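In case you want the letters, here they are:
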Amino acid sequence: MRRSAFSTGAVPAIAATVSPAALQASRRGGLVMHTPKSDIELGRFKFMEQYNEFRNRSGRAPDYYVEKYRDTYWRVDEYIRRAEHYIQSQGFFYLPTLEFPWYRGCLPLLSSYQIRLHYGRHHRAYVEKLNQLIEGTPLYGSNLDEIILRTHDDVMLTGVYNNAAQHYNHCFFWKCIQPYGSNIPPDLKAAVEKQYGSVEEFEKIFTDAALNLFGSGWVYWVYDTRLGQFDILSLSNAGCPLTSTHVVPLLCVDVWEHTYYVDYENNRAAFLAKYFNVVDWHWAERHWKRATGQEYYEMKFW
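My aim in this report is to walk through the structure given alongside it, one point at a time. Since we're looking at a predicted model, the values are computed, not measured.

## Some words on the side chain of R268
Next, step 1: Along the chain, R268 turns up in helix 10 (residues 268-273).
Next, step 2: One buried charged residue, R268, remains without a salt bridge, the closest side chain of opposite sign being E257 at 6.2 Å.
Next, step 3: Within polar-contact distance, the side chain of R268 engages the backbone oxygen of A210 at 2.9 Å.
Next, step 4: In this structure R268 touches A210, L211, L213, G215, V255 and Y260, once residues within four positions along its chain are discounted.

Pasting the structure below:
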């Protein structure tokens, strides 16, 4: 019986016409003309090394997953762009654009699913209800802080106040956090150490206040312009610091259960233990400098 060329170890004639690059490509699952997408350099990701270097220097963890999931990210980016256009076209107030992509979560504190429920359902419900309540009233067209000040002590407008205050609280909360947080700026750190002794001691006092707040509500770290010092406010339900004209909010944490129930169930302590891992101290410093008359950059966040 005639033996096959393959059985003798000889290379068939057709293989001699295939380039080494094509053979190497075929071993990894495709020919040269069908190079896997992971091997194609795309413009949006040419600067990943510099981006990761920036994250390392700023104290954040490198982003190792962009290359793996970049095609998914592009599809989600387009979905978010269309969704935000829809959201912002409904009513007078609208959901703010987050400083981080919700579909990647705010690690290590919140998962993407938790943020989707909190931001896309709970926060959005407050905005939609607020738009319904002010439609056709003298409040329509007013600024959010003006609505809060005009309705917080009016029992006939309790519904308007609750939804307006919750919209403000959530907008401020989203600005207070970012994935993996940031380092505290030197000027703010010196001021915190002067009043509290250390940053760690302040974090403990703030966490204890949030842990001991009964029921749902908000805990704000504020600067009291009347006393010239920091203070911590524990506000139940839809309490809002804007009702006190002598305080300037710096940081806040939401202790309503819808903030953490997916990731931590009813374990508020576990949620608060990771809060300062995602705090954006630069946001707090900006408002502290505004309160103390120092140079700062003005930013709108609703």
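## Remarks on the pairing of strand 2 (residues 229-236)
Next, step 1: By the bridge criterion, eight bridges tie strand 1 (residues 217-224) to strand 2 in an arrangement that is antiparallel. Paired with V219 across the strands is S234, a residue of strand 2.
Next, step 2: Hairpin connection of strand 1 to strand 2: four residues between the antiparallel strands, including G228 at a positive phi of 70 degrees.

## Regarding the environment of A209
Next, step 1: Checked against the element boundaries, A209 lands in helix 8 (residues 199-212).
Next, step 2: A209 sits eleven residues away from Y220 along the chain, and the two C-alpha atoms are 9.5 Å apart.
Next, step 3: Among residues more than four places away in sequence, those in contact with A209 are V219, I232 and S234.

## What about the nonpolar core?
Next, step 1: Membership of the largest hydrophobic core comes to 71 residues, with the highest contact counts inside it found for I177, W221, F230, V253, Y275 and W281.
Next, step 2: Sorting elements by how many residues they give to this core places helix 6 (residues 158-176) first, with nine residues.
Next, step 3: Looking at which domains feed residues into this core, each of domain 2 (102-176) and domain 3 (186-292) gives three or more.
Next, step 4: The residues touching V253, leaving out its near neighbours within four places in the chain, are F173, F206, A210, G217, W218, V219, F271, L272 and Y275.

## Focus on the packing of helix 7 (residues 186-196) against helix 8
Next, step 1: At their nearest, the axes of helix 7 and helix 8 sit 8 Å apart, and the two run at 70 degrees to each other. The orientation of helix 7 relative to helix 8 falls into the category roughly perpendicular. Like other packed secondary-structure pairs, helix 7 and helix 8 cross with a definite hand, here left-handed. Note on element contacts: helix 8 touches helix 7 through V199, E201, F202 and I205, opposite K189, V192, E193 and Y196.
Next, step 2: Class assignment of the residues belonging to the contact of helix 7 with helix 8 gives a composition of five nonpolar, no polar and three charged.

Criteria and thresholds
- Residues numbered from 1 in each chain as written.
- Predicted model: local features only at pLDDT ≥ 70, side-chain atom pairs only at ≥ 80, totals over all residues.
- Heavy atoms only, no water.
- Helix = DSSP H or I, 4+ residues; strand = E, 2+ residues; numbered from the N terminus.
- Buried < 20%, exposed > 50% of the residue type's maximum accessible area, 1.4 Å probe, protein only.
- Lys, Arg positive; Asp, Glu negative; His and termini not counted.
- Salt bridge = Lys/Arg side-chain N within 4 Å of Asp/Glu carboxyl O.
- Polar contact = N/O pair within 3.5 Å; in protein donor to acceptor, adjacent residues only side chain to side chain.
- Contact = heavy atoms within 4.5 Å.
- Pairing = 2+ DSSP bridges.
- Core = buried A, V, L, I, M, F, W, Y, C linked by side-chain atoms within 4.5 Å.
- Domains from an automatic or database assignment.
- Axes fitted to C-alpha atoms, helices over the stretch in contact; angles between N-to-C directions.
- Parallel < 35°, antiparallel > 145°, perpendicular 65-115°, else oblique.
- Left-handed = near helix turned anticlockwise from the far one by under 90°.
- Nonpolar A, V, L, I, M, F, W, Y, C, P; charged D, E, K, R; others polar.

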